[in-house]
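# Inside the fold
Residue-level listing of the chains:
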Amino acid sequence: DLGARLRLSELAREAGETAEAERVLAEIVALNPKAHDAWLLLARSAVERGEWASADKALSALLGLAVNAPARSSTSPVNRGESARDHLGLIYAASARVAVARGNLVDAVARMKKAVRAAPRERDHRLGLASLELARGQAAAANALIESALIAWPGDAELQWLRGVARAAQGDRAEARCAHRH
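Here the structure is a predicted model, which is why all the values come from computation and not from measurement. (Residues numbered from 1 in each chain as written. Predicted model: local features only at pLDDT ≥ 70, side-chain atom pairs only at ≥ 80, totals over all residues. Heavy atoms only, no water.)

## Some details on the pattern of salt bridges
- This model, assessed by the stated rule, comprises 17 salt bridges.
- Between D156 and R123 there is a salt bridge, with the nearest N and O atoms lying 2.5 Å from each other. With D156 in the loop between α8 (139-152) and α9 (157-169) and R123 in helix α7 (residues 123-135), this pair connects stretches of sequence that are 33 residues apart.
- Under the relative-accessibility criterion, R123 is labelled buried at 16%.
- One salt bridge in this structure joins E133 and R136, with 3.1 Å as the shortest N-O distance.
- A relative accessible area of 33% means that R136 is categorised as partly exposed.
- Bridged by salt links that share partners, the residues R5, E20, R23 and E27 form one connected network. (Salt bridge = Lys/Arg side-chain N within 4 Å of Asp/Glu carboxyl O. Helix = DSSP H or I, 4+ residues; strand = E, 2+ residues; numbered from the N terminus. Buried < 20%, exposed > 50% of the residue type's maximum accessible area, 1.4 Å probe, protein only.)

## Details of the environment of G171
- Looking at where G171 falls in the secondary structure, it is placed in the loop between α9 and α10 (173-181).
- Residue classification places G171 among the exposed residues on the basis of a relative accessible area of 55%.

## Examining the side chain of E133
- Of note, E133 is situated in helix α7.
- A relative accessible area of 4% means that E133 is categorised as buried.
- If sequence neighbours within four positions are ignored, E133 has contacts with V109, K113, Q138, A141, A142 and L145. (Contact = heavy atoms within 4.5 Å.)

## Regarding the layout of surface pockets
- Here the largest pocket is characterised by a volume of approximately 300 Å³.
- L40, R44, L90, A94 and R97 are, among the 13 residues lining the largest pocket, the residues nearest its centre.
- Of all the secondary-structure elements, those providing two or more residues to the lining of the largest pocket are α3 (36-49), α4 (52-68) and α5 (88-101). (1 Å grid on protein atoms, 1.4 Å probe; cavity = no way out; pocket = protein on both sides within 12 Å on 5 of 7 lines; lining within 4 Å. Points joined across faces, edges and corners; volume = space filled by probe spheres on them.)

## Structural notes on α7
- Taking 1.5 Å per residue as the helical rise, α7 with its 13 residues ought to reach 18 Å, and the 18 Å between its terminal C-alpha atoms agrees with that figure.
- Here α7 lies mainly inside the structure; 10 of its 13 residues are buried.
- By the burial criterion, the buried members of α7 are R123, H125, R126, L127, G128, L129, A130, L132, E133 and L134.
- Looking at the buried residues of α7, the elements they touch are α5, α6 (105-118), α8 and α9.
- One or two steps after α7, the chain reaches G137, where phi turns positive at roughly 85 degrees. (Expected span 1.5 Å × (residues − 1).)

This is the structure in structure tokens:
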């Protein structure tokens, strides 16, 4: 039973037996390549260990499942009928984090844009994309993203602060101070 094996991997992970947890997860995906729960846990484990190539592999498998899966399917043995597609935004965002860790900001921005498109109501995806644009030196793009996000979340302190950073990066110190006062 895949659900029992998944639980076994979680118990091994909680006990600090990462190698055993990953062995069980690898066994699960060998038996059922569509077991997105196992791919997600493999990706998380690889990220925690800083093994970016392994994380990319697992996230690529997840993206393949997510893009081709209907929302709310029965492909998950434990996630109440959710499919990988239900988590597409989070998968793209995780993939963007891996790209950042690998030093590829251009790829990270492209992946985070996909995360925002997949889950437009996720504030953290918009915040992450704006931060990446700032890191790439694209203050005007970051500012536009932040202004758009502030329409949905007008009192958000992090967005207000990031708006000040973006405006300062654009050379608008007065607006930057104003944004930081809010």
